[in-house]
Amino acid sequence: MKPEVSIITPYLDAEPFLLKLIENIQGQTFKNWELLFIDDDSSDKGASIVEHAASSDPRIKPLRSPTARDEISRIGPWFARNHGLKHSQADLIAFLDVDDLWHPQKLEFQVGMHRRHEIGVTYCNYFRFDHSTRNISGSRIFPSSVTYSDFLSHNPIPISCSMLNKTLVGNGFEATFLEDYCFWLGVAQRVNDKKIINLNKHFCYYGEHLKNRNKNKLNSLFHSYHAYRSAGFGVIESCLCCVRWLIYHSLRVLKGMFFRKFEGFKTIDDHLSQLYDL
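Residues numbered from 1 in each chain as written. Predicted model: local features only at pLDDT ≥ 70, side-chain atom pairs only at ≥ 80, totals over all residues. Heavy atoms only, no water.

We now examine the overall build of the protein. Each helix and strand counted, the protein has eight helices and nine strands in total. The buried share among the 278 residues of the protein stands at 51%. Sequence separation of at least 24 residues holds for 79% of the intrachain contacts in the protein that already meet a minimum separation of 6. About 13,700 Å² of surface is accessible on the protein, with carbon and sulfur atoms providing 56% of the total. (Helix = DSSP H or I, 4+ residues; strand = E, 2+ residues; numbered from the N terminus. Buried < 20%, exposed > 50% of the residue type's maximum accessible area, 1.4 Å probe, protein only. Contact = heavy atoms within 4.5 Å. Areas by Shrake-Rupley, 256 points an atom, 1.4 Å probe, with all protein chains shown as cover.)

Shown next, in the form of structure tokens:
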């Protein structure tokens, strides 16, 4: 049977996260999926974990990025994601970073939304959590819907929160530092009359650990400028987008200082057990 959703997860030396992620996806209430793991030159035993899981669950597909490639293709997950897209079979695509997790009903709600409506992209809110304790450390709530103009100041769709029609993928990801932002700028340009809709539920858990904390916002601004240029914007338009970026993130920091809404859940395990009516 053809899978209805292709989940694409690149990984690099991610042995500590893989087993929990596999168990998390196998616990989804929606079952007709394929999980494409793309080993991006790992040196640990992560590939063995994936292959062992695949031996008992044919929905799990181990892949490996080609070893004969240039150095640019080894920077970030963009090449591995494209390799996964190339091998995906489903008409709906979902991305999941190896250190993130999903609520068990995420796929069920998103697939249902895509079946019932003329929608190009669905996404959800997320909780941040500490991998060492699984305690919730923060929350992100996004607008109920977004349009192309929203992408000109920031990236409103974290990659692990999303699902989209494969027809919107285009050429996939580019070799840039903010490859996901460039990807969404392209998707937003192609979406046309199809909608980009939030499920308005916290169905994703963004994992925090030593390797992904303390991101430099000035570096992000610099790379955002290059993302706008890669999307075909002129110098002046790209600079205006950077001004919007500064305003948006400044307001976000101020809001975070005064509002902390975790919806009464202390750990992600508390929330994982919370089931919702369709």
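Across all of its chains, the model carries 10 salt bridges by this definition. The partner of K61 in a salt bridge is E34, with the nearest N and O atoms 3.0 Å apart. Of the two residues, K61 is situated in strand β3 (residues 60-64) and E34 in strand β2 (residues 33-39); the sequence distance between them amounts to 27 residues. As a salt-bridge pair, D57 and R59 come within 3.0 Å of each other at their nearest N and O atoms. Assessed through its relative accessible area of 24%, R59 is described here as partly exposed. (Salt bridge = Lys/Arg side-chain N within 4 Å of Asp/Glu carboxyl O.)

Burial within strand β9 (residues 195-208) is extensive, with 10 of its 14 residues counted as buried. Alignment of strand β5 (residues 101-102) against β9, held across two bridges, turns out to be antiparallel. Bridged to L101 within β9 is Y205. Across 10 bridges, strand β6 (residues 119-130) lies against β9 in parallel orientation. From the neighbouring strand, T122 faces β9, where its bridge partner is I197. (Pairing = 2+ DSSP bridges.)

A few words on the nonpolar core. Counting 82 residues, the largest nonpolar core has V5, I7, F37, I60, F95, L164 and W184 as its most contacted members. Setting aside residues up to four positions removed in sequence, I7 forms contacts with I25, W33, E34, L35, L36, A94, L96, W102 and L107. (Core = buried A, V, L, I, M, F, W, Y, C linked by side-chain atoms within 4.5 Å.)

What follows deals with a nonpolar patch on the surface. The grouping of V243, I247 and L251 at the surface amounts to a nonpolar patch, some 280 Å² of accessible area in total. Mapped onto the secondary structure, V243 falls in helix α7 (residues 235-258). (Patch = residues over 30% accessible without salt bridge, like charges linked within 9 Å, V, L, I, M, F, W, Y side chains within 5 Å.)

This next bit is on the packing of helix α1 (residues 15-26) against helix α2 (residues 46-56). Running from N to C, α1 and α2 cross one another at 20 degrees; their axes reach a closest spacing of 8 Å. Taken together, the axis directions place α1 and α2 in an arrangement best described as roughly parallel. Where α1 crosses over α2, the handedness of that crossing is right-handed. Side by side, α1 and α2 meet where E15, L18, L19 and I22 of the first sit next to G46, I49, V50 and A53 of the second. (Axes fitted to C-alpha atoms, helices over the stretch in contact; angles between N-to-C directions. Parallel < 35°, antiparallel > 145°, perpendicular 65-115°, else oblique. Left-handed = near helix turned anticlockwise from the far one by under 90°.)

Turning our attention to helix α5 (residues 179-190). In this model α5 runs 17 Å from its N-terminal to its C-terminal C-alpha over 12 residues, within 8% of the 16 Å that 1.5 Å per residue would give. With 10 of 12 residues buried, α5 lies mostly within the body of the structure. Restricting attention to buried positions, one finds in α5 the residues E179, D180, Y181, C182, F183, W184, L185, G186, V187 and A188. Two residues or fewer after α5 comes N192, characterised by a positive phi angle close to 55 degrees. (Expected span 1.5 Å × (residues − 1).)

This model, assessed by the stated rule, comprises 11 aromatic pairs. A ring pair is formed by F203 and Y276, whose centres lie 5.7 Å apart and whose planes are at 70 degrees; its orientation type is edge-to-face. One end of the pair, F203, is in strand β9; the other, Y276, is in the segment after α8 (268-272), and 73 residues separate them in sequence. F203 sits in the buried class, given a relative accessible area of 0%. (Phe/Tyr/Trp six-rings, centres within 6.5 Å; stacked < 30°, edge-to-face > 60°.)

What follows deals with α1. An ideal rise of 1.5 Å per residue puts 16 Å on 12 residues; α1 measures up with 18 Å between its terminal C-alpha atoms. Burial in α1 covers these residues: F17, L18, L21, I22, N24 and I25. Take α1 and look down its axis: the buried residues cluster within an arc of 160 degrees, on one side only. Looking at the packing, one finds that the buried side of α1 touches β1 (5-11), β2, α2, β3, β5 and α8. (Arc of directions from axis to C-beta.)

Residue position: A53 is located in helix α2. Residue A53 is classed as buried on the basis of its relative accessible area, which comes to 11%. Through-space distance from the C-alpha of A53 to that of E23 is 9.5 Å; in sequence the pair is 30 residues apart. Residues in contact with A53, not counting those within four places in the same chain, are I22 and I60.

If you trace the backbone, D57 turns up in the loop between α2 and β3. Owing to a relative accessible area of 8%, D57 belongs among the buried residues under this scheme. Looking at D57, its side chain comes within polar contact range of the side chain of R59, at 3.0 Å. What D57 contacts, discounting residues up to four positions off in sequence, is Q26 and W33. (Polar contact = N/O pair within 3.5 Å; in protein donor to acceptor, adjacent residues only side chain to side chain.)

Coordinates in, geometry out; function isn't part of it.
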